[in-house]
Amino acid sequence: MRVQRQSKHAPQLIVGLMSGTSADGIDAVVAEIAGSGRQLRARVLAHTHRPFSPAMRRRILHLCLHGTVAEICELNFSLGEHFARAAFAVIRRAKRKPGNIAAIGSHGQTIHHLPNARTPSTLQIGEPAVIAERTGITTVADFRVRDMAAGGQGAPLVPYADWALFTDKTKPRIVQNIGGIGNLTFLPPRAELDQVMAFDTGPGNMVLDALVTALTRGRQTFDRDGRWAARGHVSDKLLAVMLAHPFLRRRPPKTTGREEFGEMFLSRMLASARRLRLRPEDMIVTATAFTAETIADAYRRFVFPQLTAGERAALQIILGGGGAKNPTLRDMLARRIGVGTLLTHEDFGIANAAKEALAFAILAHETLLGRPGNVPSATGARRAVVLGKIVPGL
């Protein structure tokens, strides 16, 4: 049995694996990580994306709301094989061998997340024992459950990495992810961990992607470069219906997912759009505006009141996730936010697609050092806790 000991100072090579709410595939990185907390330094040596086949993606999305116990059981192991292959692929791309890797941090695939249920709970699949067995590398996984056991919502967990990587000495920053779900991390200048604010703003690309998929009967799964939305006109009536969702009124800490903005939400949106006799491009641009407005509204309500006028002018907003590549969405955001500078992860030397996988490599690194990786001010946990379950390698 091999569990590599971590040193707080010596660089370690860690693989990070991530598949998000959109379930379009696995992002994998090899990262060189040294230090811990605010002294942490991370460098991505290699990144790869392993897309799921259309059939696998449909299978995952079906499982999220309709899967049987048997289907979930089998797909847990099947996805473990996929994650293991992604780990091998990125290690080869980094021109390293499995024996060079200290650990793998795997987020897994979320299929259900119930932070507000009678018994709060969450489920990520992609069996880490399979990953460890296939690769021979110690694997850290199932990060969210310990935070929930400590009274948190199990999300967002990326803010720890945001704090370690992006806190500035003089400028306030918002790290805004626009993946399937939108979430922000607000970093005041010189922020200590307990000063970080982070929460889900609402759907990122989830509603928009589902709408494109429905309107094209699966021929397209997203609005490439926002071209379809650019031809439409926003329906204020439909947008008002969408913005009435109660999640948007909740105060942080808060987190959401497909359970609130999945099939049922899309069905209601489509029914309203058809009553209004909207064209497909008008539906698409309204869904895009919905994402932009939920993000901007979160800033206006929860972030801007904490900033002086001068700090608002100096604000830097770092966009990530698939939505960062949508020019129509970016233009809408800029108009609605009205202040600050929009940047991307690439401006800081990190590939946009690699960011979340890097975050779980960082969390695995901290777990193996015995250091907490959650941000209680973001998740609502009673205390900081060490995250994840460790499956030894060979």
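The model shown is predicted, which means the values in this text are computed figures rather than measured ones.

A. Structural view of the overall build of the chain. Looking only at helices and strands, the chain has 15 helices and 12 strands in total. The globule rule puts the C-alpha radius of gyration for 394 residues at 21 Å, and the 20 Å found for the chain is close to it. On the principal axes, the C-alpha backbone points of the chain span a range of 65 × 50 × 40 Å. Sorting the 394 residues of the chain into buried and exposed places 57% on the buried side. Of the contacts formed within the chain by residues at least 6 apart in sequence, a portion of 71% connects residues at least 24 apart. Just so you have it, the chain exposes about 16,700 Å², and 51% of that area is on carbon and sulfur atoms. Placing the 52 positive and 32 negative side-chain charges of the chain at their respective mean positions leaves the two points 1 Å apart.

B. The packing of aromatic side chains, seen in detail. Using the criterion set out here, one finds 9 aromatic pairs in the structure. Between F199 and F302 the ring centres are 5.4 Å apart and the planes differ by 85°, which places this aromatic pair in the edge-to-face class. In this pair, F199 is assigned in strand β9 (residues 197-203) and F302 in helix α11 (residues 280-303), connecting sequence segments 103 residues apart. In this structure an aromatic cluster arises from ring pairing among F247, F261, F265 and F290. Above the face of the F247 ring, K254 is positioned so that its terminal group lies 4.5 Å from the ring centre.

C. Structural context of the sheet that holds strand β10 (residues 316-320). Taken in spatial order, the 5 strands make up an open sheet running β9-β8-β7-β10-β11, and their pairing is mixed. In the strand order of this sheet, the two ends are held by β9 and β11 (341-344), each with one partner. Going across the sheet, the axis of each strand differs from the next one's by a mean of 25°, ignoring polarity. Across the face of the sheet, α11 comes into contact with β7 (173-178), β8 (181-187), β9 and β10 while running at roughly 150° to β9.

D. Inspection of helix α13 (residues 327-337) at higher detail. Of all the positions in α13, only T328, L329, M332, L333 and I337 are classed as buried. Projection of α13 onto a plane perpendicular to its axis shows the buried side chains occupying an angular sector of 150°, all on one side. Of the surrounding secondary structure, the elements contacted by the buried residues of α13 are β7, α7 (227-230), α11 and β10.

E. Layout of the packing of helix α8 (residues 236-243) against α11. Look at α8 against α11: their axes get within 10 Å of each other, and the N-to-C directions meet at 50°. As far as their axial angle goes, α11 and α8 are oblique. In terms of crossing hand, the pair formed by α8 and α11 is right-handed. Residues L238, L239, M242 and L243 of α8 form the contact with α11, whose own contacting residues are T286, A287, A289, F290, E293 and T294. Classifying every residue of the contact of α8 with α11 gives 7 nonpolar, 2 polar and 1 charged.

F. Main features of the pairing of β7. Of all 6 residues in β7, 6 are buried, a share of seventy percent or more. A two-sided burial pattern is seen for β7, the buried positions comprising R173, V175 and N177 on one face and I174, Q176 and I178 on the other. Relative to β8, β7 runs antiparallel, the two sharing 6 bridges. Bridge pairing in β8 places Q176 opposite L184. In this antiparallel pair of consecutive strands, β7 and β8, the connection spans 2 residues.

Reading the values: rules and limits
- Residues numbered from 1 in each chain as written.
- Predicted model: local features only at pLDDT ≥ 70, side-chain atom pairs only at ≥ 80, totals over all residues.
- Heavy atoms only, no water.
- Helix = DSSP H or I, 4+ residues; strand = E, 2+ residues; numbered from the N terminus.
- Rg over C-alpha atoms; globule rule 2.2 N^0.38 Å.
- Buried < 20%, exposed > 50% of the residue type's maximum accessible area, 1.4 Å probe, protein only.
- Contact = heavy atoms within 4.5 Å.
- Areas by Shrake-Rupley, 256 points an atom, 1.4 Å probe, with all protein chains shown as cover.
- Lys, Arg positive; Asp, Glu negative; His and termini not counted.
- Charge placed at Lys NZ, Arg CZ, Asp CG, Glu CD.
- Phe/Tyr/Trp six-rings, centres within 6.5 Å; stacked < 30°, edge-to-face > 60°.
- Lys NZ or Arg CZ within 6 Å of the ring centre and 35° of its normal.
- Pairing = 2+ DSSP bridges.
- Axes fitted to C-alpha atoms, helices over the stretch in contact; angles between N-to-C directions.
- Arc of directions from axis to C-beta.
- Parallel < 35°, antiparallel > 145°, perpendicular 65-115°, else oblique.
- Left-handed = near helix turned anticlockwise from the far one by under 90°.
- Nonpolar A, V, L, I, M, F, W, Y, C, P; charged D, E, K, R; others polar.

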